[in-house]
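A closer look at the structure
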Amino acid sequence: MSKILPPDFLQKRKSLLGDEWDAFLQSYDAPRAYGLRRNPFQACESLPFSLKAVPWTPDGFYYDPSERPGRHPLHEAGAYYIQEPSAMSVVSLLDPRPGDLVCDLCAAPGGKSTQIAALLQGEGFLVSNEIFPNRAKILSQNIERMGIPNAIVCNESPASLAAHFPLFFHRIVVDAPCSGEGMFRKDDTAVEEWSPDNVALCAGRQKEILECADQMLQPGGVLVYSTCTFSPEEDEEMVQWFLDTHTDYILTDWHETSLGIETSGYTDHAGLSAGIPGTARPEITGGVLRLWPHKLQGEGHFAARLQKTGKPLMSAASVASEASAKNTSTKKRGKKNCSKNEFADYLEFREKFIQKDLRDYLHLVPEAPSQGRLEFFGDELYRIPPAAPSLKGLKLMRFGLHLGTRKKNRFEPSHSLAKALHPDEAKQTYACSYEEACRYLRGETLSCDSSMKGWILVSYGGCSLGWGKAQNGLIKNHYPKGLRLLY
């Protein structure tokens, strides 16, 4: 083994793995696995890479790193999300369904949130939360790049979020901050920061986060707890602590789910309980999911599926109906100006440049709050997801789908709106070649037919890249300056 690992880590984990220890150590000299997930919100024609299916998620694929998909225009188009393959198993275990109310409590940089959104299919409501502002900004950018229409991005502590959403969600994923042992092969910083004291610190933080998750989960709901560490104190023993202190939960054995992982060759818990310090019971060590780097193509990961007993309290439809009624009542009392005049410039833009058969979740008028609320925050117009309750008091990085900006005598569409549209949903579209896509992403002007005037949705490979504005045979580039890259 060429990588130098902390001596205390080696001593503790050797007892955990027993006869598999040598194979585990050898995995550190094996090549890493690289993965990406297709984005169903973008109708990508094809991906020009050598791909092999990841077993535990239908849209997941291994790729050859020499092909550098992170530097391809389709990545910026949101055709796929680059994600560590083992990490894809968590949302597969969560199994969100269209119409669910879902929270990703520790969401940055956005891999699991974007995977959840893909399974929600634009229905229901997703709250993606990240406590650190810089990471929340990256999370918001990834939500935008993938064209997700029904999510908000919060920058809150778990406790503050729990106070705002009591017994609200059908499904919650807690991908908890951890000691990162499963990332040692790919992340030298995780090796440098590891210590027994840090393991204990992480375990204490994880308990606090799980308590908050419980306060937000409806009866009958599903909580998936995951880490990227091998530490039993943060994994099996954490699950046992939670079950012992929250007797209204049961552990769902991962073998009973349609996860697409074969027991043989992926996870084998024979002898595992004997190697775990503390008091983790066999039914826990046998029912949780451990992904080992010496048994599959991926890094180390852990996940447990916990189900809360009881009957659900409310559906996304009932939340949307209540929010719509409150919005209508507020307008009648004159506390909210939602007249057509307020949205006149937006409606004019939509009439000129957006196809009339646009999907319902974007084809909005102020008089149709059941499809989502249109609200201005300053001069920024957002479409609030229909199932969102009041957002007052939350620190938000993204209020929903940003439609654009109200300016003097005109409406300027947002990059988020471009990413949420399919190319055929705009009245004017310019399909780029590969070279033109690279030029557009650098911020350059493109040539077009002289008959094109006004806003144009620029696309590549069937995916939306962003807006341009045509005049006299040229497309002025409106790709955000902060996102422009050198290709």
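Residues numbered from 1 in each chain as written. Predicted model: local features only at pLDDT ≥ 70, side-chain atom pairs only at ≥ 80, totals over all residues. Heavy atoms only, no water.

1. Some words on the pairing of strand β17 (residues 410-413)
Because side chains alternate across β17, one face comprises the buried residues F411 and P413, and the other comprises R410 and E412, none of which is buried. Counting the residues in the hairpin turn of strand β16 (residues 401-407) and β17 gives two residues, including N409, whose phi is positive at 65°. (Buried < 20%, exposed > 50% of the residue type's maximum accessible area, 1.4 Å probe, protein only. Helix = DSSP H or I, 4+ residues; strand = E, 2+ residues; numbered from the N terminus. Pairing = 2+ DSSP bridges.)

2. Focus on the sheet that holds strand β4 (residues 80-82)
Spatially, β2-β3-β1-β4 is the arrangement adopted by the four strands of the open sheet, whose pairing is antiparallel. Edge positions in the sheet fall to β2 (51-53) and β4, since each of these pairs with one other strand and no more. Taken over all neighbouring pairs, the strand axes of this sheet differ in orientation by 35° on average, direction set aside. (Axes fitted to C-alpha atoms, helices over the stretch in contact; angles between N-to-C directions.)

3. Some thoughts on the side chain of T229
If you trace the backbone, T229 turns up in the loop between β9 (217-227) and α10 (236-245). In terms of polar contacts, T229 uses its side chain to reach the side chain of E181, at 3.5 Å. Residues within four places of T229 in sequence aside, it is in contact with C178, S179, G180, E181, G182, E234, D235, R290 and F302. (Polar contact = N/O pair within 3.5 Å; in protein donor to acceptor, adjacent residues only side chain to side chain. Contact = heavy atoms within 4.5 Å.)

4. Observations regarding the side chain of K308
By the secondary structure assignment, K308 is in strand β12 (residues 301-308). K308 sits in the buried class, given a relative accessible area of 6%. Side-chain polar atoms of K308 contact the backbone oxygen of L217, separated by 2.8 Å.

5. Let's talk about the pairing of strand β3 (residues 60-63)
Both faces of β3 are covered, namely the face carrying G60 and Y62 and the face carrying F61 and Y63. The sheet contact formed by β2 and β3 spans three bridges and is antiparallel. The partner of K52 across the bridge, within β3, is Y62.

6. Things to note about the sheet that holds strand β22 (residues 474-477)
On the basis of which strands lie adjacent, the open sheet formed by five strands has the order β18-β20-β21-β22-β19 and mixed pairing. One side of each edge strand has no neighbouring strand; the edge strands of this open sheet are β18 (429-431) and β19 (446-447).

7. Describing the confidence of the model for the chain
When pLDDT is averaged along the chain, the result is 88; 88% of the residues meet or exceed 70. Scored below 50 in pLDDT, residues 263-277 shows 38 contacts in the model against residues more than four places distant or in partner chains. In this model, residues 332-338 is a region of pLDDT below 50 whose contacts with residues beyond four sequence positions or in other chains number eight contacts. (pLDDT = per-residue confidence, 0-100.)

8. Thoughts on the environment of Q26
Residue position: Q26 is located in helix α2 (residues 21-26). Q26 sits 267 residues away from P293 along the chain, and the two C-alpha atoms are 9.7 Å apart.

9. Considering the packing of aromatic side chains
Tallied over the full model, the rule gives 27 aromatic pairs. Consider the rings of F49 and Y80, whose centres lie 5.7 Å apart with planes at 90°: the pair is edge-to-face. Within this pair, whereas F49 is found in the loop between β1 (35-38) and β2, its partner Y80 is found in strand β4, the two being separated by 31 residues in sequence. The same class applies to F49 as to Y80, namely buried. Geometrically, the ring pair formed by F242 and Y249 is edge-to-face, given 4.8 Å between the ring centres and 70° between the ring planes. Comparing F242 with Y249 shows no difference in burial state: the two are buried. (Phe/Tyr/Trp six-rings, centres within 6.5 Å; stacked < 30°, edge-to-face > 60°.)

10. Things to note about helix α6 (residues 133-145)
Between the first and last C-alpha of α6 there are 18 Å, a value that for 13 residues agrees with the 18 Å anticipated at 1.5 Å per step. Within the sequence span of α6, burial applies to A136, L139, S140, N142, I143, E144 and R145. One or two residues past the end of α6 sits G147, with phi positive at roughly 70°. (Expected span 1.5 Å × (residues − 1).)

11. Section: unusual backbone geometry
Along the chain, A108 connects to P109 via a cis peptide bond; the corresponding omega equals 5°. Mapped onto the fold, P109 is located in the loop between β5 (101-104) and α5 (111-120). Residues other than glycine seldom take positive phi values, yet R68 does so here, at roughly 50°. With respect to the secondary-structure elements, R68 resides in the loop between β3 and α3 (73-76). Take R68: its relative accessible area is 53%, and that puts it in the exposed class.

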